Amino acid sequence: MTAPIKIEKTPEVAEALAEARPVVALESTIITHGMPWPGNRDMALEVEAAIRAEGAVPATIAVIDGQLHAGLDEAAITKLAQAKGVMKLSRADFAYALSQGRTGATTVAATMIAAHLAGISVFATGGIGGVHQGAETSFDISADLDELGRTPVIVVSAGAKAILDIPKTLEALETRGVPVVAFGQDAMPAFWSRESGLKAPLRLDDPAAIARFEQTRRTLGGHGGMLIANPVPVEDEIPASEMNRHIAAALATAKARGIEGKAVTPFLLGEILELTSGESLKTNIALVLNNARLAARIGIALASSAN
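Fair warning: this is a prediction, and the values are worked out from it, not measured in the lab.

Quick notes on the rules
Residues numbered from 1 in each chain as written. Predicted model: local features only at pLDDT ≥ 70, side-chain atom pairs only at ≥ 80, totals over all residues. Heavy atoms only, no water. Helix = DSSP H or I, 4+ residues; strand = E, 2+ residues; numbered from the N terminus. Rg over C-alpha atoms; globule rule 2.2 N^0.38 Å. Buried < 20%, exposed > 50% of the residue type's maximum accessible area, 1.4 Å probe, protein only. Contact = heavy atoms within 4.5 Å. Areas by Shrake-Rupley, 256 points an atom, 1.4 Å probe, with all protein chains shown as cover. Lys, Arg positive; Asp, Glu negative; His and termini not counted. Charge placed at Lys NZ, Arg CZ, Asp CG, Glu CD. Polar contact = N/O pair within 3.5 Å; in protein donor to acceptor, adjacent residues only side chain to side chain. Core = buried A, V, L, I, M, F, W, Y, C linked by side-chain atoms within 4.5 Å. Salt bridge = Lys/Arg side-chain N within 4 Å of Asp/Glu carboxyl O. Axes fitted to C-alpha atoms, helices over the stretch in contact; angles between N-to-C directions. Parallel < 35°, antiparallel > 145°, perpendicular 65-115°, else oblique. Left-handed = near helix turned anticlockwise from the far one by under 90°. Nonpolar A, V, L, I, M, F, W, Y, C, P; charged D, E, K, R; others polar. Pairing = 2+ DSSP bridges.

1. Quick word on the overall build of the protein chain
The number of helices and strands found in the protein chain is 13 helices and 11 strands. In terms of overall dimensions, the protein chain is globule-like: its C-alpha atoms have a radius of gyration of 18 Å, near the 19 Å expected for 307 residues. Taking the principal axes of its C-alpha atoms as reference, the protein chain extends roughly 50 × 40 × 40 Å. Among the 307 residues that make up the protein chain, the fraction classed as buried is 54%. Partitioning the contacts of the protein chain with sequence separation of at least 6, the portion at a separation of at least 24 is 74%. Carbon and sulfur atoms make up 53% of the accessible area of the protein chain, which totals about 13300 Å². For the protein chain, the distance from the average site of its 27 positive side-chain charges to the average site of its 34 negative ones is 3 Å.

2. Quick word on the environment of isoleucine 300
Assignment of secondary structure puts isoleucine 300 in helix H13 (residues 279-306). Exposure remark for isoleucine 300: the relative accessible area of 27% places this residue in the partly exposed category. For isoleucine 300 and valine 122, which are 178 residues apart along the polypeptide, the C-alpha to C-alpha distance reads 9.9 Å. In contact with isoleucine 300, not counting residues within four places along its chain, are Pro22, Glu54, Gly55 and Ala56.

3. Points about the side chain of serine 28
Position of serine 28 among the secondary structure elements: in the loop between strand S2 (23-26) and helix H2 (29-34). For serine 28, the side chain forms a polar contact with the main-chain oxygen of isoleucine 61, separated by 2.6 Å. Side-chain polar atoms of serine 28 contact the backbone nitrogen of threonine 106, separated by 2.8 Å. Setting aside its immediate chain neighbours within four residues, serine 28 contacts Thr60, Ile61, Ala62, Leu80, Gly104, Ala105 and Thr106.

4. Concerning the nonpolar core
In this structure, Phe94, Ile128, Trp192 and Ile228 are the most contacted members of the largest nonpolar core, which totals 99 residues. At 10 residues, the largest contribution of residues to this core is made by H13. Setting aside residues no more than four positions away along its own chain, phenylalanine 94 makes contact with Val63, Leu68, Leu89, Ala110, Ile113 and Ala114.

5. Regarding the pattern of salt bridges
Under the defined criterion, the tally for this structure stands at 16 salt bridges. Measuring nitrogen to oxygen at the nearest pair gives 2.8 Å for the salt bridge that ties arginine 52 to glutamate 12. One end of the pair, arginine 52, is in helix H3 (residues 39-54); the other, glutamate 12, is in helix H1 (residues 11-18), and 40 residues separate them in sequence. Glutamate 12 gets classed as partly exposed once you look at its relative accessible area, which sits at 31%. Within this structure, Glu12, Glu48 and Arg52 form a network of salt bridges that share partners.

6. Description of the packing of helix H11 (residues 240-257) against helix H12 (residues 264-275)
When two helices pack together, their arrangement is given by the angle between the helix axes and by the axis-to-axis distance. For the pair H11 and H12, interaxial distance at closest approach is 9 Å and the crossing angle is 130 degrees. Comparing the axis directions of H11 and H12 gives the class oblique. Judged by the sense of rotation from one axis to the other, the crossing of H11 with H12 is right-handed. Contacts between H11 and H12 pair Met243, His246, Ile247, Ala249, Ala250, Leu251, Thr253, Ala254 and Arg257 from the former with Phe267, Leu268, Glu271, Ile272 and Leu275 from the latter. Of the residues contributing to the contact of H11 with H12, the split by class is 10 nonpolar, 2 polar and 2 charged.

7. Some remarks on the pairing of S2
Successive residues of a regular strand alternate their side chains across the two faces of the sheet. What you see with S2 is no split at all: Val23 and Ala25 on one side and Val24 and Leu26 on the other are buried throughout. In terms of strand pairing, S2 meets strand S3 (residues 57-64) through 4 bridges, oriented parallel. Within the sheet, the bridge partner assigned to valine 23 lies in S3 and is valine 57. Sheet analysis places S2 next to strand S7 (residues 122-124), joined by 3 bridges and oriented parallel. Its bridge partner lying in S7, alanine 25 is registered against phenylalanine 123.

8. Considering the environment of leucine 173
Mapping leucine 173 onto the fold places it in helix H9 (residues 166-175). Residues leucine 173 and glutamate 15, spaced 158 residues apart in sequence, show a C-alpha to C-alpha distance of 34 Å. Ignoring anything within four residues of it in the chain, the contact list for leucine 173 reads Ile128, Leu145, Leu148, Val178, Val180 and Leu227.

9. Comments concerning the pairing of S3
Summarising burial for S3: 7 of the 8 residues are buried, a large majority. By the bridge criterion, 4 bridges tie S3 to strand S4 (residues 67-70) in an arrangement that is antiparallel. Across the sheet, isoleucine 61 pairs through a bridge with alanine 70, a residue of S4. Connecting S3 to the next strand, S4, in antiparallel fashion are 2 residues, including aspartate 65 with a positive phi near 50 degrees.

10. Structural notes on the packing of helix H10 (residues 207-220) against H13
Following both chains from N to C, one finds H10 and H13 inclined at 55 degrees, their axes separated by 8 Å at the closest point. Judged by the angle between their axes, H10 and H13 are oblique. You can see that H10 and H13 cross each other, and the crossing is right-handed. In contact with Pro207, Ala208, Ile210, Ala211, Glu214, Gln215 and Arg218 of H10, H13 contributes Leu294, Arg297, Ile298, Ala301, Leu302, Ser305 and Ala306. For the contact of H10 with H13, a count of residues per class yields 9 nonpolar, 2 polar and 3 charged.

Now the structure itself:
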(Lines give C-alpha, C1' and ligand atoms only; values in the text may rest on other atoms or scores of the structure.)
Protein backbone atom coordinates (compact mmCIF):
# COMPACT_ATOMS: atom_id res chain seq x y z
CA MET A 1 0.00 0.00 0.00
CA THR A 2 1.38 3.40 -0.98
CA ALA A 3 2.15 5.71 1.95
CA PRO A 4 0.53 9.15 1.90
CA ILE A 5 2.61 12.12 0.79
CA LYS A 6 4.43 13.68 3.74
CA ILE A 7 3.73 17.40 3.95
CA GLU A 8 6.17 19.56 5.87
CA LYS A 9 4.22 22.31 7.66
CA THR A 10 5.51 25.30 9.56
CA PRO A 11 4.50 25.27 13.24
CA GLU A 12 2.14 28.19 12.54
CA VAL A 13 0.30 26.29 9.79
CA ALA A 14 0.27 22.97 11.65
CA GLU A 15 -1.21 24.57 14.76
CA ALA A 16 -3.89 26.45 12.80
CA LEU A 17 -4.98 23.32 10.92
CA ALA A 18 -5.06 21.25 14.12
CA GLU A 19 -7.31 23.87 15.74
CA ALA A 20 -9.52 24.26 12.62
CA ARG A 21 -8.53 27.91 12.27
CA PRO A 22 -8.53 29.56 8.82
CA VAL A 23 -5.52 28.93 6.60
CA VAL A 24 -4.99 30.42 3.13
CA ALA A 25 -2.80 28.63 0.60
CA LEU A 26 -0.49 30.66 -1.66
CA GLU A 27 1.23 29.54 -4.86
CA SER A 28 4.98 29.85 -5.36
CA THR A 29 5.36 30.33 -9.12
CA ILE A 30 4.62 34.02 -8.63
CA ILE A 31 7.83 34.07 -6.55
CA THR A 32 10.05 32.08 -8.90
CA HIS A 33 8.58 32.87 -12.32
CA GLY A 34 6.44 35.98 -11.88
CA MET A 35 8.61 38.76 -10.48
CA PRO A 36 12.33 39.64 -10.31
CA TRP A 37 14.48 39.57 -7.15
CA PRO A 38 14.18 41.14 -4.59
CA GLY A 39 10.64 42.33 -5.36
CA ASN A 40 9.45 38.72 -5.49
CA ARG A 41 10.55 38.05 -1.91
CA ASP A 42 9.18 41.36 -0.64
CA MET A 43 5.84 40.72 -2.35
CA ALA A 44 5.58 37.19 -0.89
CA LEU A 45 6.23 38.43 2.63
CA GLU A 46 3.80 41.33 2.19
CA VAL A 47 1.04 38.98 1.00
CA GLU A 48 1.61 36.70 3.98
CA ALA A 49 1.48 39.72 6.33
CA ALA A 50 -1.81 40.86 4.76
CA ILE A 51 -3.38 37.45 5.45
CA ARG A 52 -2.20 37.50 9.07
CA ALA A 53 -3.56 41.02 9.49
CA GLU A 54 -7.02 39.72 8.52
CA GLY A 55 -6.83 37.00 11.16
CA ALA A 56 -5.91 33.96 9.04
CA VAL A 57 -2.68 32.01 8.55
CA PRO A 58 -0.76 31.98 5.23
CA ALA A 59 0.65 28.75 3.80
CA THR A 60 2.94 29.24 0.81
CA ILE A 61 3.14 25.96 -1.10
CA ALA A 62 6.34 24.67 -2.75
CA VAL A 63 8.39 21.54 -3.36
CA ILE A 64 11.95 21.87 -2.07
CA ASP A 65 14.45 19.07 -2.76
CA GLY A 66 11.56 16.65 -3.26
CA GLN A 67 9.75 17.63 -0.05
CA LEU A 68 6.27 19.16 -0.24
CA HIS A 69 5.88 22.19 2.01
CA ALA A 70 2.66 23.84 3.21
CA GLY A 71 4.03 27.02 4.72
CA LEU A 72 7.49 28.51 4.35
CA ASP A 73 9.39 30.63 6.85
CA GLU A 74 11.08 33.87 5.79
CA ALA A 75 14.45 32.19 5.21
CA ALA A 76 12.88 29.58 2.92
CA ILE A 77 10.96 32.22 0.96
CA THR A 78 14.15 34.24 0.53
CA LYS A 79 16.07 31.18 -0.68
CA LEU A 80 13.30 30.20 -3.11
CA ALA A 81 13.09 33.76 -4.45
CA GLN A 82 16.79 33.59 -5.45
CA ALA A 83 16.83 29.98 -6.65
CA LYS A 84 17.75 29.10 -10.24
CA GLY A 85 16.40 26.26 -12.37
CA VAL A 86 13.22 25.88 -10.32
CA MET A 87 10.61 23.70 -12.02
CA LYS A 88 7.17 25.18 -12.72
CA LEU A 89 4.87 22.48 -11.41
CA SER A 90 1.38 21.54 -12.55
CA ARG A 91 -0.46 18.23 -12.13
CA ALA A 92 1.56 16.46 -14.86
CA ASP A 93 4.98 16.97 -13.26
CA PHE A 94 4.12 17.48 -9.58
CA ALA A 95 4.80 13.85 -8.65
CA TYR A 96 7.96 13.87 -10.81
CA ALA A 97 9.48 16.67 -8.73
CA LEU A 98 8.56 14.87 -5.50
CA SER A 99 9.97 11.52 -6.66
CA GLN A 100 13.17 12.92 -8.15
CA GLY A 101 14.15 15.24 -5.29
CA ARG A 102 13.65 18.36 -7.37
CA THR A 103 12.72 21.88 -6.35
CA GLY A 104 9.57 23.21 -7.93
CA ALA A 105 7.20 26.13 -7.58
CA THR A 106 3.50 25.35 -7.72
CA THR A 107 1.08 26.75 -10.28
CA VAL A 108 -2.64 27.12 -9.54
CA ALA A 109 -3.28 23.44 -10.34
CA ALA A 110 -0.44 22.07 -8.19
CA THR A 111 -1.24 24.45 -5.34
CA MET A 112 -4.85 23.26 -5.34
CA ILE A 113 -3.70 19.63 -5.14
CA ALA A 114 -1.31 20.38 -2.27
CA ALA A 115 -3.82 22.56 -0.41
CA HIS A 116 -6.45 19.83 -0.57
CA LEU A 117 -3.96 17.21 0.65
CA ALA A 118 -3.06 19.50 3.56
CA GLY A 119 -6.69 20.21 4.47
CA ILE A 120 -6.71 23.84 3.29
CA SER A 121 -9.95 25.00 1.64
CA VAL A 122 -9.05 28.48 0.37
CA PHE A 123 -6.27 29.60 -1.98
CA ALA A 124 -5.33 33.12 -3.10
CA THR A 125 -3.53 33.78 -6.37
CA GLY A 126 -3.20 36.51 -8.99
CA GLY A 127 -5.01 35.07 -11.99
CA ILE A 128 -5.77 31.53 -13.10
CA GLY A 129 -4.54 29.98 -16.33
CA GLY A 130 -7.08 29.11 -18.99
CA VAL A 131 -7.65 28.84 -22.72
CA HIS A 132 -4.87 30.61 -24.60
CA GLN A 133 -5.43 32.78 -27.64
CA GLY A 134 -5.34 30.52 -30.71
CA ALA A 135 -6.05 27.37 -28.68
CA GLU A 136 -8.26 26.08 -31.51
CA THR A 137 -5.05 25.27 -33.38
CA SER A 138 -2.41 25.08 -30.62
CA PHE A 139 -4.59 23.23 -28.06
CA ASP A 140 -2.84 25.33 -25.39
CA ILE A 141 -5.24 25.07 -22.46
CA SER A 142 -4.08 25.36 -18.86
CA ALA A 143 -4.38 22.40 -16.51
CA ASP A 144 -5.80 24.89 -13.99
CA LEU A 145 -9.24 24.45 -15.58
CA ASP A 146 -9.39 20.68 -15.11
CA GLU A 147 -8.07 21.08 -11.57
CA LEU A 148 -10.84 23.53 -10.75
CA GLY A 149 -13.27 20.92 -12.05
CA ARG A 150 -11.97 18.15 -9.79
CA THR A 151 -10.34 19.55 -6.62
CA PRO A 152 -12.56 21.13 -3.92
CA VAL A 153 -10.64 24.31 -3.14
CA ILE A 154 -11.95 27.88 -3.36
CA VAL A 155 -9.61 29.89 -5.60
CA VAL A 156 -9.63 33.67 -5.18
CA SER A 157 -8.13 35.46 -8.17
CA ALA A 158 -8.63 38.61 -10.24
CA GLY A 159 -10.29 36.38 -12.86
CA ALA A 160 -8.30 34.65 -15.58
CA LYS A 161 -5.07 36.24 -16.81
CA ALA A 162 -6.02 38.89 -19.36
CA ILE A 163 -3.58 37.47 -21.92
CA LEU A 164 -5.97 34.51 -22.33
CA ASP A 165 -9.13 34.00 -24.35
CA ILE A 166 -11.52 34.85 -21.51
CA PRO A 167 -14.80 33.92 -23.28
CA LYS A 168 -13.45 30.43 -24.09
CA THR A 169 -12.03 30.13 -20.57
CA LEU A 170 -15.48 30.82 -19.10
CA GLU A 171 -17.04 28.27 -21.44
CA ALA A 172 -14.46 25.67 -20.40
CA LEU A 173 -15.14 26.34 -16.71
CA GLU A 174 -18.88 25.98 -17.25
CA THR A 175 -18.35 22.64 -19.00
CA ARG A 176 -16.40 21.44 -15.96
CA GLY A 177 -19.13 22.54 -13.56
CA VAL A 178 -17.00 25.23 -11.91
CA PRO A 179 -18.93 28.12 -10.34
CA VAL A 180 -17.43 31.47 -11.37
CA VAL A 181 -18.46 34.15 -8.89
CA ALA A 182 -17.66 37.84 -9.38
CA PHE A 183 -17.17 39.55 -6.03
CA GLY A 184 -19.15 42.75 -5.57
CA GLN A 185 -19.93 43.42 -9.24
CA ASP A 186 -21.74 41.92 -12.23
CA ALA A 187 -18.82 42.20 -14.67
CA MET A 188 -16.15 39.53 -15.01
CA PRO A 189 -12.80 41.14 -14.12
CA ALA A 190 -9.76 40.74 -16.36
CA PHE A 191 -6.71 40.65 -14.09
CA TRP A 192 -5.18 44.15 -14.49
CA SER A 193 -8.61 45.60 -15.35
CA ARG A 194 -11.83 45.57 -13.37
CA GLU A 195 -13.97 44.69 -16.38
CA SER A 196 -13.44 42.30 -19.28
CA GLY A 197 -16.55 43.30 -21.22
CA LEU A 198 -18.23 40.05 -20.14
CA LYS A 199 -20.87 39.43 -17.51
CA ALA A 200 -19.83 37.05 -14.76
CA PRO A 201 -21.95 33.88 -14.46
CA LEU A 202 -22.64 34.52 -10.74
CA ARG A 203 -22.26 37.34 -8.22
CA LEU A 204 -21.87 37.44 -4.43
CA ASP A 205 -21.13 40.49 -2.31
CA ASP A 206 -19.69 39.26 0.99
CA PRO A 207 -17.46 36.45 2.32
CA ALA A 208 -20.27 34.96 4.43
CA ALA A 209 -22.40 34.43 1.32
CA ILE A 210 -19.46 32.68 -0.39
CA ALA A 211 -19.02 30.44 2.66
CA ARG A 212 -22.73 29.53 2.62
CA PHE A 213 -22.51 28.72 -1.09
CA GLU A 214 -19.51 26.46 -0.50
CA GLN A 215 -21.12 24.70 2.45
CA THR A 216 -24.22 24.03 0.33
CA ARG A 217 -22.06 22.64 -2.48
CA ARG A 218 -20.43 20.26 0.00
CA THR A 219 -23.81 18.81 0.97
CA LEU A 220 -24.36 17.87 -2.67
CA GLY A 221 -21.09 15.92 -2.80
CA GLY A 222 -18.71 15.24 -5.66
CA HIS A 223 -17.93 18.88 -6.28
CA GLY A 224 -14.70 20.44 -7.50
CA GLY A 225 -13.40 23.94 -6.92
CA MET A 226 -14.93 27.38 -7.07
CA LEU A 227 -13.46 30.47 -8.71
CA ILE A 228 -13.98 33.82 -6.98
CA ALA A 229 -13.23 36.60 -9.47
CA ASN A 230 -12.18 39.57 -7.33
CA PRO A 231 -11.70 42.85 -9.25
CA VAL A 232 -8.50 44.81 -8.67
CA PRO A 233 -9.10 47.98 -6.59
CA VAL A 234 -10.21 50.98 -8.67
CA GLU A 235 -7.15 53.02 -7.80
CA ASP A 236 -4.80 50.29 -9.04
CA GLU A 237 -6.41 49.13 -12.27
CA ILE A 238 -5.17 49.63 -15.82
CA PRO A 239 -8.22 50.09 -18.11
CA ALA A 240 -8.97 47.20 -20.44
CA SER A 241 -8.80 49.45 -23.53
CA GLU A 242 -5.17 50.23 -22.72
CA MET A 243 -4.21 46.69 -21.69
CA ASN A 244 -5.73 45.15 -24.82
CA ARG A 245 -3.25 47.10 -26.99
CA HIS A 246 -0.29 45.90 -24.95
CA ILE A 247 -1.53 42.31 -24.91
CA ALA A 248 -1.97 42.27 -28.68
CA ALA A 249 1.58 43.54 -29.15
CA ALA A 250 3.02 40.99 -26.71
CA LEU A 251 1.11 38.12 -28.36
CA ALA A 252 2.44 39.15 -31.77
CA THR A 253 6.01 39.13 -30.44
CA ALA A 254 5.54 35.71 -28.82
CA LYS A 255 4.21 34.27 -32.08
CA ALA A 256 7.09 35.76 -34.09
CA ARG A 257 9.63 34.22 -31.72
CA GLY A 258 7.93 30.81 -31.57
CA ILE A 259 7.31 30.94 -27.82
CA GLU A 260 5.13 27.96 -26.80
CA GLY A 261 3.82 25.93 -23.85
CA LYS A 262 4.76 26.86 -20.29
CA ALA A 263 7.07 29.59 -21.59
CA VAL A 264 4.17 31.63 -23.00
CA THR A 265 2.78 33.16 -19.82
CA PRO A 266 6.06 34.36 -18.25
CA PHE A 267 7.18 35.71 -21.65
CA LEU A 268 3.97 37.67 -22.16
CA LEU A 269 4.03 39.05 -18.62
CA GLY A 270 7.62 40.20 -19.17
CA GLU A 271 6.75 41.88 -22.47
CA ILE A 272 3.75 43.62 -20.93
CA LEU A 273 5.89 44.81 -18.03
CA GLU A 274 8.13 46.61 -20.53
CA LEU A 275 5.24 47.96 -22.61
CA THR A 276 3.56 49.44 -19.52
CA SER A 277 6.83 50.85 -18.13
CA GLY A 278 6.43 48.78 -14.98
CA GLU A 279 2.81 49.69 -14.24
CA SER A 280 1.57 46.13 -14.86
CA LEU A 281 3.79 44.85 -12.04
CA LYS A 282 2.44 47.44 -9.59
CA THR A 283 -1.10 46.40 -10.49
CA ASN A 284 -0.16 42.72 -10.23
CA ILE A 285 1.09 43.22 -6.68
CA ALA A 286 -2.01 45.22 -5.73
CA LEU A 287 -4.41 42.58 -7.03
CA VAL A 288 -2.56 39.73 -5.31
CA LEU A 289 -2.78 41.60 -2.00
CA ASN A 290 -6.46 42.31 -2.61
CA ASN A 291 -7.11 38.62 -3.34
CA ALA A 292 -5.18 37.53 -0.25
CA ARG A 293 -7.29 39.74 2.01
CA LEU A 294 -10.54 38.45 0.52
CA ALA A 295 -9.35 34.83 0.74
CA ALA A 296 -8.57 35.33 4.43
CA ARG A 297 -12.07 36.71 5.04
CA ILE A 298 -13.62 33.78 3.19
CA GLY A 299 -11.51 31.36 5.23
CA ILE A 300 -12.67 33.00 8.44
CA ALA A 301 -16.31 32.83 7.30
CA LEU A 302 -15.92 29.15 6.39
CA ALA A 303 -14.37 28.34 9.76
CA SER A 304 -17.22 30.18 11.54
CA SER A 305 -19.90 28.37 9.55
CA ALA A 306 -18.35 25.01 10.35
CA ASN A 307 -18.47 25.63 14.12
